[in-house]
Amino acid sequence: MSRPQTEEQAVDSEGDSSLHRRDEEGTQSSHRMLGFSDALLSIIATVMILPVTHTEISPEQFDKSIQKLLATRIAVYLMTFLIVTVAWAAHTRLFQVVGKIDDTLALLNLACMMTITLLPYTFSLMVTFPDVPLGIFLFCVCVIAIGSVQALIVGYAFHFPHLLNLQIQCSTYRAQSRRHILRLVLRGPALCFVAAVFSLFFFPLSYVLMVTVIFLPHISKATTWCKDKLMGHRESPAHNVEPFSIDLHAPLSKERVEAFSDGVYAIVATLLILDICEDNVPDPKDVQEKFSGSLVAALGAYGPQFLAYFGSFATVGLLWFAHHSLFLHVRKATQTMGLLNILSLAFVGGLPLAYQQTSAFARQPRDELERVRVSCAIIFFASIFQFAIWTAALLHQTETLQPAVRFGGQEHAFMFAKLALYPCASLLAFAATCLLSRFSTAIFHLMQIAVPFAFLLLRLLVRLTLAALQVLWNLRPEHPQPGQGEPEAQSQLLPAPC
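Just so it is clear, the model here is predicted, and its values are computed rather than measured.

**Some remarks on the overall build of the chain**
So, point 1. Assigned secondary structure in the chain consists of 21 helices and two strands.
So, point 2. The 498 residues of the chain split such that 44% are buried.
So, point 3. For the chain, restricting intrachain contacts to residue pairs at least 6 apart in sequence, the fraction spanning at least 24 positions comes to 79%.
So, point 4. Per element, the accessible surface of the chain, about 26200 Å² overall, is 65% carbon and sulfur.

**Here's the deal with the side chain of Thr115**
So, point 1. By secondary structure assignment, the location of Thr115 is in helix α5 (residues 103–117).
So, point 2. Classification of Thr115 by relative accessible area gives buried; the value is 11%.
So, point 3. Sequence-distant contacts of Thr115, that is, excluding residues within four places in its chain, are made with Cys142, Ala145 and Ile146.

**Digging into the environment of Ala393**
So, point 1. Counting through the fold element by element, Ala393 comes out in helix α17 (residues 368–395).
So, point 2. Overall, the relative accessible area of 0% leaves Ala393 in the buried class.
So, point 3. Between the alpha carbons of Ala393 and Arg331 there is a distance of 9.6 Å; along the sequence they are 62 residues apart.
So, point 4. Among residues more than four places away in sequence, those in contact with Ala393 are Met337, Thr400 and Leu401.

**Examining helix α6 (residues 119–128)**
So, point 1. In terms of residue burial, α6 counts as a mostly covered element, since seven of its 10 residues are buried.
So, point 2. Taken together, the buried positions of α6 are Leu119, Pro120, Thr122, Phe123, Leu125, Met126 and Val127.

**Describing helix α9 (residues 174–198)**
So, point 1. Helix length check: α9 (25 residues) gives 36 Å between terminal C-alpha atoms against 36 Å at 1.5 Å per residue, within 8%.
So, point 2. A bend of about 35° at Leu186 is the largest found in α9, and the proline Pro189 appears one to four places after it.
So, point 3. Those residues of α9 not exposed but buried are Ser177, Ile181, Leu184, Val185, Gly188, Pro189, Leu191, Cys192, Ala195 and Ala196.

**A short note on the UniProt feature "transmembrane region" (unreviewed entry) in the chain**
So, point 1. Sequence positions flagged by UniProt for "transmembrane region" (unreviewed entry) are, in local numbering, residues 74–95, 107–129, 135–160, 306–323, 335–355, 376–395, 415–437 and 449–473.
So, point 2. Taken end to end, residues 335–355 is 90% helix and 0% strand, and its first and last C-alpha atoms sit 31 Å apart.
So, point 3. Regarding residues 415–437, the helix share stands at 91% and the strand share at 0%, and the terminal C-alpha atoms are separated by 33 Å.

**A short note on a nonpolar patch on the surface**
So, point 1. A cluster of nonpolar side chains, contributed by Ile449, Phe453, Leu456, Leu457, Leu460, Leu461 and Leu464, occupies part of the molecular surface with about 750 Å² of accessible area.
So, point 2. Within the secondary structure, Ile449 is located in helix α20 (residues 440–474).

**Observations concerning the pattern of salt bridges**
So, point 1. Per the stated rule, a full pass over the model turns up three salt bridges.
So, point 2. Two residues, Asp38 and Arg256, come together in a salt bridge whose shortest N-O distance is 2.5 Å. On the criterion of sequence distance, the pair formed by Asp38 in helix α2 (residues 31–47) and Arg256 in helix α11 (residues 254–279) is long-range, its members being 218 residues apart.
So, point 3. Overall, the relative accessible area of 9% leaves Arg256 in the buried class.
So, point 4. Here Lys332 makes a salt bridge to Glu399, at a shortest N to O gap of 3.6 Å. Placement of the pair is Lys332 in the loop between α14 (303–328) and α15 (335–348) and Glu399 in helix α18 (residues 397–400), with a sequence separation of 67 residues.
So, point 5. Owing to a relative accessible area of 35%, Lys332 belongs among the partly exposed residues under this scheme.
So, point 6. The partly exposed category is assigned to Glu399, whose relative accessible area is 49%.

**Side note on the nonpolar core**
So, point 1. Counting 121 residues, the largest nonpolar core has Leu119, Met210 and Trp390 as the members making the most contacts within it.
So, point 2. Filtering out sequence-adjacent residues up to four positions away, Trp390 remains in contact with Leu326, Leu401, Val405, His412, Met415, Phe416 and Leu419.
So, point 3. Listed in part, the six residues of the second largest apolar core include Ala413, Leu458, Val462 and Leu466.

Thresholds applied
Residues numbered from 1 in each chain as written. Predicted model: local features only at pLDDT ≥ 70, side-chain atom pairs only at ≥ 80, totals over all residues. Heavy atoms only, no water. Helix = DSSP H or I, 4+ residues; strand = E, 2+ residues; numbered from the N terminus. Buried < 20%, exposed > 50% of the residue type's maximum accessible area, 1.4 Å probe, protein only. Contact = heavy atoms within 4.5 Å. Areas by Shrake-Rupley, 256 points an atom, 1.4 Å probe, with all protein chains shown as cover. Expected span 1.5 Å × (residues − 1). Bend = angle between axes of the 7 residues up to and from the residue. UniProt positions renumbered as here; feature names shortened; annotations may be inferred. Patch = residues over 30% accessible without salt bridge, like charges linked within 9 Å, V, L, I, M, F, W, Y side chains within 5 Å. Salt bridge = Lys/Arg side-chain N within 4 Å of Asp/Glu carboxyl O. Core = buried A, V, L, I, M, F, W, Y, C linked by side-chain atoms within 4.5 Å.

Written as structure tokens, this is what we have:
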């Protein structure tokens, strides 16, 4: 039996508990703050496309301008979009370490978000003045400020350990964990500091360093793997015998990946209707002079633009539907899947540009072939990276996927068809425009109309295809050889009909 506490011990324990209560006082769950941060970051990443979509391209200079657009503005957009997603990933990792927040942490997070909202402005300067280093310099300064605020969040949370994740709270190596986290949080801003310095006298190298920021976690992982292969895996020193419990290279939270992705899709769909509201509201003077006061006739003149809007919205919606269907069956998102998801979202963010190109068919019919190809390319890359996510998941299907969509699973063939539909349709439309360039607009609109109906009939089409394959398999001539399995065992290689 334990002995009763003395009066001094009771006072000490009472003091400790009151101190603990004072520490816990004012703390709150970070769930709503993280939701706000994910929404804001997805908006910031997506509105980067606006300076690109508002590029003025004259009919006589279309070829030259589109080359410049693809070489500079789209490339810079992709780079800055991916850097914003790196900031989002760092924010996600950071709040895997920080378990609770208080008022000070909430305000520090708001300061971080305010700095992030300046990135689209600096990006606009980079796009508008590509030969002037000031835009690159200011963009790098913003990234450095974001990293500095995140470092302050780390320092504050470790100063008040009750805010930390329970695993780190209980760790005896908290100081080593803090140094490890700070090193990972600050290495990206450190590269941006070097890029800001080089922007003053040799800005092309700044772009190279900023691209390095995007792939730094993967470069670090590949370097560690090569070092282990060449030099052999060495045991950790004795003082680091307790591993860091929250690996910042580990897969991101599936829930936050879905929230960020949903935010990007929602903002892209919203940008489409904003363009309609801005560009397709008739001027009252024109209605009176050109259409004899008939608003219906005036709106009819904008028919091609509304057709382009409905087609573009259907594309955004169906790509989200495919993304939702995929992550519905994902158990855990690996680091490779996270990178492929970010690349897919980067091209999804370019869909307003595809809308601008297709809505211009009526105004500039001579350029429709090039515009169709640009739109098909954007849709293809947005969808093929979705398919690549699933392919990467299949490489580790036991850990990453639900049994239904694994090889031989009940939904495997259906998921394959659902994710392959848009890549195949956009690639087929692109190839058809090369052969039938005179009908490029009709081909593109046919793809936009056919794909939604194909989604509706997809399960039926997959069942019919699998049934036909099963029939053909059963009709094959049987030539069993010694040492081989029975035909019944071989037939199991075919997936079962859905």
